[in-house]
Amino acid sequence: DVKVTQSSRYLVKRTGEKVFLECVQDMDHENMFWYRQDPGLGLRLIYFSYDVKMKEKGDIPEGYSVSREKKERFSLILESASTNQTSMYLCASSQDSSTDTQYFGPGTRLTVL
Amino acid sequence: GESVGLHLPTLSVQEGDNSIINCAYSNSASDYFIWYKQESGKGPQFIIDIRSNMDKRQGQRVTVLLNKTVKHLSLQIAATQPGDSAVYFCAEIPSGTYKYIFGTGTRLKVLA
């Protein structure tokens, strides 16, 4: 079974703090993704990576950056957290082609005060 | 922009009955579709997928139907159980892209 894990289930941070969200997958997948999920808006893609050190912006990259130094690990960074970044953050991974299924982690619920 | 929509935001079904959850998609270039189930506080879980060269695919108690003529996708759950209570959403994947287009979800409530 594919396993995608995220470092924290719940996180509370203050405005202006730097926040790191970590994601690890154990299936040697090429692609990894970061989404945020908000009520009524569904899942929105922040960034994705198709290889180590490679990344592409998704639909809402502003205020976020990512890092992929190892194939199995994909980090989402909030350089200076703001209250409008309070959300559920979901990581996903997929094999290598665009038609390979994305498998999701359990999510991190981030609250920025 | 293009989007995936769901006709019913909340669906209540008696335990043991069949459930049908619908999804309309707008991108005729989409050639891969997935249904996910998301329980409260958890990440989305893959249920079943279908490619555009098929119109029906069956899994264990679940069936996905694809009607490309009217750009409609449905998920049928047979003999709905309390454990099926969750939010279900569909995703469409346009050909040649990694970018999934997700619907906002339908909440399925199973009544005892």
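> Got a sec to walk through the overall build of chain B? Specific residues and values, please.
Within chain B, the secondary structure is distributed over zero helices and eleven strands. Beginning at the N terminus, the succession of helices and strands in chain B can be written as β-β-β-β-β-β-β-β-β-β-β. Its C-alpha atoms give chain B a radius of gyration of 13 Å, within 12% of the compact-globule value 13 Å for 112 residues. Considered along the principal axes of its C-alpha atoms, chain B spans approximately 45 × 25 × 20 Å. When each of the 112 residues of chain B is scored for burial, the buried share is 45%. For chain B, the share of sequence-separated contacts (at least 6 apart) that also reach a separation of at least 24 residues comes to 54%. In the form shown here, chain B has an accessible surface area of approximately 5400 Å², with 45% of it arising from carbon and sulfur atoms.

> Tell me about the packing of aromatic side chains, and name the residues and values.
What the rule picks out here adds up to 14 aromatic pairs over all chains. Measuring from ring centre to ring centre gives 6.2 Å for Phe104 of chain A and Phe102 of chain B, while their planes differ by 65°; the resulting arrangement is edge-to-face. One end of the pair, Phe104 of chain A, is in strand β10 (residues 103–104); the other, Phe102 of chain B, is in strand β10 (residues 101–102), on a second chain. The same class applies to Phe104 of chain A as to Phe102 of chain B, namely buried. Relative to Phe33 of chain B, the ring of Tyr25 of chain B has its centre 4.6 Å away and its plane inclined at 50°; by these criteria the two rings are tilted. When the ring centre of Tyr32 of chain B is taken as origin, the NZ or CZ atom of Arg51 of chain B, which lies over that ring, is 4.1 Å away.

> Give a detailed account of the state of the cysteines, specifying residues and quantitative values.
Joining two cysteines, a disulfide is a covalent bond between their sulfur atoms. The tally for this structure, following the rule as stated, stands at two disulfides over all chains. Note on cysteine connectivity: Cys23 of chain A is disulfide-linked to Cys91 of chain A, with sulfurs 1.9 Å apart. The S-S bond linking Cys23 of chain A to Cys91 of chain A shows a torsion near -80°; that makes this disulfide left-handed. Here the residue Cys23 of chain A occupies a position in strand β3 (residues 19–25), and Cys91 of chain A occupies one in strand β9 (residues 87–94), the gap between them amounting to 68 residues. Owing to a relative accessible area of 0%, Cys23 of chain A belongs among the buried residues under this scheme. Judged by its relative accessible area of 0%, Cys91 of chain A falls in the buried class. Each sulfur of the disulfide joining Cys23 of chain B and Cys90 of chain B lies 1.9 Å from the other. Between Cys23 of chain B and Cys90 of chain B the sulfur-sulfur dihedral comes to about 50°; the bridge is accordingly right-handed. Here Cys90 of chain B lies in strand β9 (residues 86–94) and Cys23 of chain B lies in strand β3 (residues 19–25), a separation of 67 residues in the sequence. Relative accessible area serves as the criterion here: at 1%, Cys23 of chain B is assigned to the buried category. Classification of Cys90 of chain B by relative accessible area gives buried; the value is 1%.

> Quick one: what's the story with the environment of Asn27 of chain B, residue by residue and with numbers?
Residues and elements named next belong to chain B. Structurally, the position occupied by Asn27 is in the loop between β3 and β4 (30–38). Here Asn27 falls in the buried class, since its relative accessible area comes to 10%. Along the sequence, Asn27 and Phe46 sit 19 residues apart, while their C-alpha atoms lie 21 Å from each other. Of note is the side chain of Asn27, whose polar atom sits 2.8 Å from the backbone nitrogen of Ala29.

> Pulling in residues and values, what's your account of the confidence of the model for chain A?
Reading predicted coordinates in detail is not appropriate for stretches of low pLDDT. When pLDDT is averaged along chain A, the result is 93; 96% of the residues meet or exceed 70. At the low end of the mean pLDDT range in chain A sits strand β5 (residues 42–51) of chain A, at 93; at the high end sits strand β8 (residues 73–78) of chain A, at 98.

> Give me the interface of chain B and chain A: which residues, what numbers.
Contacts between the two partners involve 22 residues from chain B, matched on the other side by 25 residues from chain A. Roughly 1700 Å² of surface becomes buried between chain B and chain A when both sides are summed, with 58% attributable to carbon and sulfur atoms. When the buried surface of chain B facing chain A is broken down by residue, Tyr98, Lys99 and Phe102 of chain B rank first, second and third, together holding 36% of it. Between Asp59 of chain A and Lys99 of chain B there is a salt bridge, with the nearest N and O atoms lying 2.9 Å from each other. Summed over the shared surface of chain B and chain A, the number is nine residue pairs in polar contact (both at pLDDT 80 or more). Only β4, β5 (45–51) and β9 of chain B provide two or more residues apiece to the side of chain B that touches chain A. Ranked by residues supplied to the side of chain B that touches chain A, first place goes to β4 of chain B with five residues. Each residue belonging to the side of chain B that touches chain A can be placed in one class, and the counts come to ten nonpolar, seven polar and five charged.

Calculation criteria
- Residues numbered from 1 in each chain as written.
- Chains lettered and ligands numbered in written order.
- Predicted model: local features only at pLDDT ≥ 70, side-chain atom pairs only at ≥ 80, totals over all residues.
- Heavy atoms only, no water.
- Helix = DSSP H or I, 4+ residues; strand = E, 2+ residues; numbered from the N terminus.
- Rg over C-alpha atoms; globule rule 2.2 N^0.38 Å.
- Buried < 20%, exposed > 50% of the residue type's maximum accessible area, 1.4 Å probe, protein only.
- Contact = heavy atoms within 4.5 Å.
- Areas by Shrake-Rupley, 256 points an atom, 1.4 Å probe, with all protein chains shown as cover.
- Phe/Tyr/Trp six-rings, centres within 6.5 Å; stacked < 30°, edge-to-face > 60°.
- Lys NZ or Arg CZ within 6 Å of the ring centre and 35° of its normal.
- Disulfide = S-S within 2.5 Å.
- Polar contact = N/O pair within 3.5 Å; in protein donor to acceptor, adjacent residues only side chain to side chain.
- pLDDT = per-residue confidence, 0-100.
- Buried area = accessible area lost by both parts, 1.4 Å probe.
- Salt bridge = Lys/Arg side-chain N within 4 Å of Asp/Glu carboxyl O.
- Nonpolar A, V, L, I, M, F, W, Y, C, P; charged D, E, K, R; others polar.

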